[in-house]
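Residue strings, one per chain:
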Amino acid sequence: MTVNENGRRSSAESGGARRRRSSTSGGERPSTIRDVAARAGVSVATVSRTLAGNYPVSTETRARVMAAVESLHYVVNVHAKALSGRVAGPVALVIKDITGPSLAHVAAGVEQAAADRGRLSLVCATHDDSAREDDLVQLMREQHAAAVLLVGGARQDEAYRKRMAEYATALDAAGSRLVLVGRPPLPGSLPVTVVQYDNRGGAFQATDHLLTAGHRRVLFLGGDPGLSTADQRRDGFLHALRAHGVEHAEELELPGPYTRVSGYQRTREALAAGLDFTAVFAGTDMVATGALAALREAGLDVPGDVSLIGFDDVPFAADLSPALTTVRVPYEDLGRTAVRLALEREERLGGDDHVVLGTQLVIRQSVRTLS
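Residues numbered from 1 in each chain as written. Predicted model: local features only at pLDDT ≥ 70, side-chain atom pairs only at ≥ 80, totals over all residues. Heavy atoms only, no water.

An unreviewed UniProt entry lists the protein under the name LacI family DNA-binding transcriptional regulator, with Streptomyces gottesmaniae as the source organism.

In structure tokens:
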């Protein structure tokens, strides 16, 4: 820097400084790749090649470029790189609620699989608002996400199918991929990847375990009718009843939300109505915790008076007293598999884009065999 007799910088230096100043805020504007090239004394192309790492440059040149990047606090324009196809797009996970324990495990699987492939993972919550889901999918499309994963059960009506078809088509046109996780496939030949788990088989295993233990009056706390997961679990429950020749008692079927509060309220209602049952099949482990509280409040012992079985095998299930017999869903595997299928579909040369993972009955201490 040169200084004149009044202690001021030379006009050339001042002009350069002014060029790096924002004309609106008074603060410094973000440095550009041209600034880096000028500071390092190399061409813009050399800076680009050095940062991309896809072209050989000398050690000395690389050192000058990186020193300039650091001194100018230069940040690579990732959006521009995404447009040119030179950066791996993120994986977006779109779920209804980020606080649910089962969905948190799906997110963990997604993050792990994305990180293993050098991808950033983004988690977005819709709060069960379809308009917000529309906005998030569009935003992820604009951000050039490599895949957009919609997680959790859905209502399979015509409006839903139309929306999913629009998502799939729009994302595919942008080079992205729609992945339905824990949801049934869509009709037709849309560009969609589907990763499900065996809801029907899991519910059949749970009900079969109770029936084999001698229970014939099973209170079924299923999910809201029309929700894909709820309908599939109900199908498995009814299938097991038929397989054992047990008549379906409609009064013992109390649908509702998959929440602890709902499980507690529905079990209290069943007890207040004087319903006769020796076992409870809760649609989720959260529902089971509510049912357990209501049974204990009524002075009933589990499993001495009433047996209890859940679905999900979330971490706290084994820590309940008694430890909860439940159906294990491979939630982390769902996330990992969804990312793998979405990102490796080209390598698989059009391989399977619909996978169903198995579920497993985990027997603990909450079910008693009747004599």
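It is worth spelling out the side chain of Asp313 at this point. Its location among the elements puts Asp313 in the loop between strand 8 (307-309) and strand 9 (326-328). In terms of polar contacts, Asp313 uses its side chain to reach the side chain of Arg328, at 2.6 Å. Every residue in contact with Asp313, bar those within four places of it in the chain, is listed here: Asp285, Thr326, Val327, Arg328, Val362 and Arg364. (Helix = DSSP H or I, 4+ residues; strand = E, 2+ residues; numbered from the N terminus. Polar contact = N/O pair within 3.5 Å; in protein donor to acceptor, adjacent residues only side chain to side chain. Contact = heavy atoms within 4.5 Å.)

Across its 13 residues, helix 12 (residues 285-297) extends 18 Å between first and last C-alpha, which sits within 8% of the 18 Å expected from 1.5 Å per residue. Gly299 occupies a position one or two residues after helix 12 and carries a positive phi of about 80 degrees. (Expected span 1.5 Å × (residues − 1).)

Attention shifts here to the layout of surface pockets. Of the volumes computed, that of the largest pocket is approximately 1,100 Å³. Those elements that place two or more of their residues in the lining of the largest pocket are strand 1 (91-95), helix 6 (101-116), helix 7 (130-142), helix 8 (158-173), helix 10 (228-243) and helix 13 (331-343). Looking at which element gives the most residues to the lining of the largest pocket, the answer is helix 6, with four residues. Looking at the lining of the largest pocket residue by residue, the classes come out as 18 nonpolar, 14 polar and 12 charged. (1 Å grid on protein atoms, 1.4 Å probe; cavity = no way out; pocket = protein on both sides within 12 Å on 5 of 7 lines; lining within 4 Å. Points joined across faces, edges and corners; volume = space filled by probe spheres on them. Nonpolar A, V, L, I, M, F, W, Y, C, P; charged D, E, K, R; others polar.)

Ranked by internal contacts, the top residues of the largest apolar core, which has 46 residues, are Leu93, Leu149, Val151, Val181, Phe281 and Leu334. In terms of residue count, helix 13 provides more of this core than any other element does, seven residues in total. Once residues lying within four places of it in the same chain are set aside, the contact partners of Val151 are Leu93, Val94, Ile95, Leu103, Val106, Val181 and Arg183. (Core = buried A, V, L, I, M, F, W, Y, C linked by side-chain atoms within 4.5 Å. Buried < 20%, exposed > 50% of the residue type's maximum accessible area, 1.4 Å probe, protein only.)

Let us look at the sheet that holds strand 7 (residues 279-282). Spatial ordering of the open sheet is given by 6-7-8, a layout of three strands whose pairing is parallel. Each edge of the sheet is formed by a strand with only one pairing partner; in this case those strands are strand 6 (218-221) and strand 8. For this sheet, the mean angle separating the axes of adjacent strands, direction not counted, is 15 degrees. (Pairing = 2+ DSSP bridges. Axes fitted to C-alpha atoms, helices over the stretch in contact; angles between N-to-C directions.)

Let's shift gears to helix 9 (residues 199-212). A rise of 1.5 Å per residue sets the reference length of helix 9, with its 14 residues, at 20 Å; its end C-alpha atoms lie 20 Å apart and thus fit the reference within 8%. When we look at burial in helix 9, the residues that qualify are Asn199, Gly201, Gly202, Ala203, Ala206, Thr207, His209, Leu210 and Leu211. Immediately downstream of helix 9, the backbone of Gly214 shows phi near 100 degrees, a positive value.

The next subject is the side chain of Arg266. Tracing the sequence through the fold places Arg266 in helix 11 (residues 260-272). In this structure, Arg266 is buried with no salt-bridge partner, the nearest side chain bearing the opposite charge being Asp224 at 6.8 Å. Here the side chain of Arg266 touches Gly222 through a polar contact of 2.7 Å, landing on its backbone oxygen. Once residues within four sequence positions are removed from consideration, Arg266 is found in contact with Leu221, Gly222, Leu254, Pro255, Gly256, Pro257 and Val287. (Lys, Arg positive; Asp, Glu negative; His and termini not counted. Salt bridge = Lys/Arg side-chain N within 4 Å of Asp/Glu carboxyl O.)

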